[in-house]
Amino acid sequence: MNKLLVEKNSGSNIVIDIKGRRLGGKEKFIFSGPCAVEDYDSMIALGKRLKVLGVHGLRGGVFKPRTSPYDFQGLKEEGLEIMKRVGEELDMIVSTEIMDTRDVENSLNYIDIIQIGSRNMYNYSLLKEVGKTDIPIILKRGMSSTIKEWLYAAEYIMREGNEKVILCERGIRTFETYTRNTLDLNAVAYVKEKYRLPIIVDPSHGTGLRELVHKMSLAGIAAGADGLIIESHLKPEEAISDARQTISLDTLEGIIKSVKTMENIL
């Protein structure tokens, strides 16, 4: 077998520069925003508040892979335009999930980071396509994938020339039904110990319960995560998608303050 690009003996730990901010260094990187972009007004209002709190990157879904075909599927092109406009006006990094190889090239005109969602971790054609780009890729772990399968998915991207891969632990399916998923903090610690890619934690999808997001955010940082990606909204209960796991800005402020404290301790 060829030497894997993700392994530590393949090079130094990867630190990714994103518009002057370094992900994978000493500072913990925070992404936040709504599960789905709803409209420009709510997005710019939320973005302004997030920037004041110290959020590094604005996330928002525009192509929504929903379990039911009758649920809201995202604003698509209009959503991309909103993300770009808000990002430019606030001078913030913007990120969204891309689901289709046909949308990759066009998305480069709008966003700074491409997300590969859990359902598409095994979409090798999409992985190879984003591997041909030169922007960072957040690779979410498949909901039922092993760590090895997740790392091989990263290899698909890196073999095409793009080593700006950010792993994202977002919980896996287990027999437990109390939470939406089981956030696998073992995986975070293991990846940091054995591999050279930066890794972030998604405690929103990892738990599905807003009351657990703060605690699991800190647990992720303690396990070695380089950052967090958290779903937030001005009015969480009214979010059009994933309202149950979406947190308020007051909660997010508390998380960020706690993370800053942990940065000094760690």
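For the structure itself, look to the data block above.
S.K.: Would you take a moment to explain the packing of helix 4 (residues 124-131) against helix 5 (residues 147-158) for this structure?
M.R.: Each packed pair of helices is defined by two parameters, the angle between the axes and the distance between the axes. Packing of helix 4 against helix 5 brings their axes to within 7 Å, and their N-to-C directions diverge by 45°. When the axes of helix 4 and helix 5 are compared, the pair comes out oblique. Contacts between helix 4 and helix 5 involve Y124, L127, K128, V130 and G131 from the former and A153, Y156 and I157 from the latter.

S.K.: When you look at the packing of aromatic side chains in this model, what are you seeing that I'm missing?
M.R.: Think of a pair of aromatic rings as described by two things: how far the centres are apart, and how the planes are tilted against each other in angle. Scanning the entire structure with this criterion turns up three aromatic pairs. Seen from their ring centres, F29 and F31 are 5.1 Å apart, and the 40° between their planes marks the pair as tilted. In this structure, F29 and F31 share a single accessibility class: buried.

S.K.: Would you mind going over the environment of I230 with me for this structure?
M.R.: Note that I230 resides in strand 10 (residues 227-231). In this structure I230 comes out as buried when scored by relative accessible area, which is 0%. Between the C-alpha atoms of I230 and T67, which are 163 residues apart in sequence, the distance is 21 Å. Ignoring anything within four residues of it in the chain, the contact list for I230 reads F31, S32, G33, R59, P203, S204, V213, S217, I247, L252 and I255.

S.K.: Before we go on, may I ask you to explain helix 6 (residues 185-194) in this structure?
M.R.: Quick reminder: α-helices carry 3.6 residues per turn. Residues three or four places apart thus point the same way. Residues A187, V188 and V191 constitute the buried set of helix 6. Taken end-on, helix 6 shows its buried residues confined to a sector of 105°, consistent with a single buried face. In helix 6, the exposed positions that point more than 90 degrees away from the buried face belong to N186 and E193. In this structure, the buried residues of helix 6 make contact with helix 5, strand 8 (165-169), strand 9 (199-201) and helix 8 (210-222). For helix 6, the side-chain oxygen to backbone nitrogen distance between the N-cap and N186 is 3.2 Å, and the N-cap itself is D184.

Parameters and conventions
- Residues numbered from 1 in each chain as written.
- Predicted model: local features only at pLDDT ≥ 70, side-chain atom pairs only at ≥ 80, totals over all residues.
- Heavy atoms only, no water.
- Axes fitted to C-alpha atoms, helices over the stretch in contact; angles between N-to-C directions.
- Helix = DSSP H or I, 4+ residues; strand = E, 2+ residues; numbered from the N terminus.
- Parallel < 35°, antiparallel > 145°, perpendicular 65-115°, else oblique.
- Contact = heavy atoms within 4.5 Å.
- Phe/Tyr/Trp six-rings, centres within 6.5 Å; stacked < 30°, edge-to-face > 60°.
- Buried < 20%, exposed > 50% of the residue type's maximum accessible area, 1.4 Å probe, protein only.
- Arc of directions from axis to C-beta.
- Polar contact = N/O pair within 3.5 Å; in protein donor to acceptor, adjacent residues only side chain to side chain.

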